[in-house]
Amino acid sequence: MDVRRTSLHAHAATVNRGGRSILRGASIELDPGEVVGGGGPIGAGKSTLIDVLSAGTAPDTGRVELDGRSLATYPDLERAQRIAVLPQTSSLAFPMQVLDVVLLGRLARSRGPVRDHDRVIAARSMDALDVLHLEARTYPTLSGGEKQRVQIARIMTQLGEDVSGCFVLFDEPIAGLDVAQQFRCLEVARALAEQGASVLVSLHDLNLAMVYTDRAILMNRGHIVADGSPGSALAPNNIETVFEVRAYRAELSPGVFHLVLQHSTLDDSEENSLSQEGRHD
Amino acid sequence: MNKSPSAALDRSLPELLETWRVRARRNSLLLVTTGVFALLCTLLALRFGAMAIDTAAVLSSLVKSIGLDVGSATTLEYEVITAIRGPRVARGFLVGASLSLAGAAMQGMFRIPLADPGLIGVSAGAGAGAAAMIILFDVAALALLGPLAWLGVSIAAFAGGLGATALVYAIGTVGGQSRIAIMLLAGIALSSVVGAFTGFLVFLADDAQLRTLTFWTLGSVGDASWSMVAVAAIGLGLSVSLLYPCRYALNVWLLGERQVHQLGFSVRRTRRLLIAGAALAVSLAVAVAGVVSFVGLVIPHIARLLVGSDHERLFPATLLLGGGLLVLADLVARTIAAPAEMPLSVITALIGGPFFLFLIVRNRASWM
């Protein structure tokens, strides 16, 4: 590549597991300042895509590049300072204090005794996620939402004070959170993008994807089947094809759309009476 | 989330940092305390026994042994300290330190606060290796070989322990996350297979071999020689040099393998170091003292209560506490019914078993 700019780019990445392809020729480019939403059925390849983009899995064919350079050749530490992942599960059965969990993030930048500089970054991250008051608590005693926020604070400590040029990949971050916590989590994703980071969020709630993302991709059976503005990628006809449900776009107020999803076997007489923009077939 | 750091945070930051610095200093101080504790246990164990030797004589004997002739120790006292009690205490300390260190490493590696080399079949694997060496190659011949024989038994134990650790890890880890139930069940299965193998060896053994084997499986640190101590010390040293570099990665490891990779550590390298280091420590302890149960489970828990879960402090704290407490347990074993000696495992199991039950009852909601 001749052009060197900040981007994370997968080119036709394919991953095979146990004789079948769980990611098939997926190409995607993540750019600074935008939140990309990833939708698709369970097993569509969203987690695998995140794994490939963070060098957790090397693609069997195709390649992944960070700033035009093969991700596989990046030194582990340099990569860790640029790309952070919030995995679906973070089990921790040990009585570790919240501060110590957040401070784990510093290990991508400094290994050795904890310095005040590390503590300041951890404090800022915890403050931003409203978990600073929990710093002395024992991690396993936190609620699901609190644990999630602590993990995000850990990731922010990993990337350091300046997140511009960094890539943050959230793997279904709002599963298990209540509605208010879901909003708060996605606000964090937005704020990271506003500070210059590039954010990929896999989401099951397509309406949240419509509201909180700048761009959306739709995945099915290992393929990226749509990539574009949330409105076009998550258009009702795309959703009907991928999820095999009925989808309508309702206009709640001028310019504010909401996806209404129905089981595909319901007949037309049971359709809701919301003002409809019409079915897209 | 605020785009700029909040003003309220900036005001409270200096105070917060001071609180955190004080907390870190307190943890370091507690680590020093475990060192002092280990030293006191050692002195106590050297002082008491079949023959009472006062503290001044113990100290002067120790000084004399490194070539400085000061103080009041008689020749007899000097001989008892350097030839009988010294190696015994050193062996006990090394066995306790190795088992505890291995316990801490395995609990972290398997992400199970319940893990113990004995429970997941690693001690049994190391035991079978050592038993095979003792019986197939005949004790009498081993006795002639002296220090070399201990090296042979240790290597055989290491082979058994390493195989068991790697196997249990491979079975009990699914997608980078540990499955507690699977791991413990695999440990039970492994222990019974290995038990059958050891049983077969017993069937092959003659009377003299059987006696050696029986005493050895009950665990003992009596009849120590300095050559045995040297083997144990080298083993512990090697194990520490494998495990201590993993201290940061192991902290992240508690969250899952994926997180280890994401923070820029090599998962494969860390895994290899942890398995080899933990297996080495267990195997050496088993080779030198037989199977001493529950030490690897209990000591890391006590250490965690004192200095927290950070392995940078947990490793040294566990090592020092484990050494000190085993020396103390051995002191009880040899003085409680003197001149007879109680097997060491009777004492460690009597304390460790109920402690294990207590842990299960307290945590049964959150585990499994």
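Refer to the structure presented above.
Source: prediction; values computed, not measured.

### A word on the sheet that holds strand β1 (residues 8-17) of chain A
All names here are of chain A. The antiparallel open sheet is built from 4 strands, whose spatial order is β2-β1-β4-β5. Since the sheet does not close on itself, it has two edges, and those belong to β2 (20-30) and β5 (69-70), each with one partner. Note: β1 against strand β4 (residues 61-66), 5 bridges, orientation antiparallel. Bridging from a neighbouring strand, Ala-10 pairs with Val-64 of β4. Contacting β1, β2 and β4, helix α1 (residues 46-53) runs over the sheet at an angle of about 60° to β2.

### A short note on the packing of aromatic side chains
All names here are of chain B. The full count for this structure, using the stated rule, is 5 aromatic pairs over all chains. Judged by centre distance (5.8 Å) and plane angle (35°), the rings of Phe-110 and Tyr-169 are tilted. Of the two residues, Phe-110 is situated in the loop between α3 (75-109) and α4 (122-136) and Tyr-169 in helix α6 (residues 147-172); the sequence distance between them amounts to 59 residues. For the pair shown, Phe-110 and Tyr-169 are each scored as buried.

### Things to note about the interface of chain B and chain A
The interface of chain B with chain A comprises 36 residues on the first partner and 48 residues on the second. A buried area of about 3800 Å², summed over both sides, lies between chain B and chain A, and 61% of it is on carbon and sulfur atoms. One can count 4 salt bridges joining chain B with chain A. At the surface where chain B touches chain A, the tally comes to 14 residue pairs in polar contact (both at pLDDT 80 or more). At the level of secondary structure, the elements contributing two or more residues to the side of chain B that touches chain A comprise α1 (7-47), α3, α10 (247-253) and α11 (257-262) of chain B. With 9 residues, α1(B) is the largest single contributor of residues to the side of chain B that touches chain A. Of the residues in the side of chain B that touches chain A, the class split is 17 nonpolar, 12 polar and 7 charged.

Reading the values: the criteria
- Every chain begins its residue count from 1, and numbering advances along the sequence as written.
- Chains carry letters from A onward and ligands carry numbers from 1 onward, assigned in written order.
- Thresholds applied to this predicted model are a pLDDT of at least 70 for local features of residues and 80 or more for the giving and counting of side-chain atom pairs; totals over whole chains, interfaces and linings are not thresholded and use all residues.
- To obtain the side-chain values, all non-hydrogen atoms of the structure were used and water was disregarded.
- DSSP calls a pair of strands paired once it identifies at least 2 bridges connecting them.
- Strands here are runs of E lasting at least two residues and helices are runs of H or I lasting at least four, both read from the DSSP assignment and numbered beginning at the N terminus.
- Throughout, a residue-residue contact means that at least one pair of heavy atoms, one from each residue, lies within 4.5 Å.
- Angles run from 0 to 180 degrees between N-to-C directions of axes, and those axes are lines fitted to C-alpha atoms, restricted for helices to the stretch in contact.
- Between 30 and 60 degrees the pair is tilted, below 30 it is stacked and above 60 it is edge-to-face, where a pair is any two Phe, Tyr or Trp rings, Trp via its six-membered ring, whose centres lie within 6.5 Å.
- For every residue, the accessible area (1.4 Å probe, protein chains only) is compared with the maximum for its type, and the residue is labelled buried under 20%, exposed over 50%, or partly exposed between those bounds.
- Accessible area that two parts lose when put together, with a 1.4 Å probe and added across both, is what the buried area reports.
- Within this document, salt bridges are pairs made up of a side-chain nitrogen of Lys or Arg and a carboxyl oxygen of Asp or Glu, the two lying within 4 Å of each other.
- Residues adjacent in sequence count toward polar contacts only when both atoms are side-chain atoms; beyond that, a polar contact is any pair of N or O atoms within 3.5 Å, and within protein one must be able to donate a hydrogen and the other to accept it.
- Only Asp, Glu, Lys and Arg are considered charged in this grouping, and only Ala, Val, Leu, Ile, Met, Phe, Trp, Tyr, Cys and Pro are considered nonpolar; every other residue, Gly among them, is considered polar.

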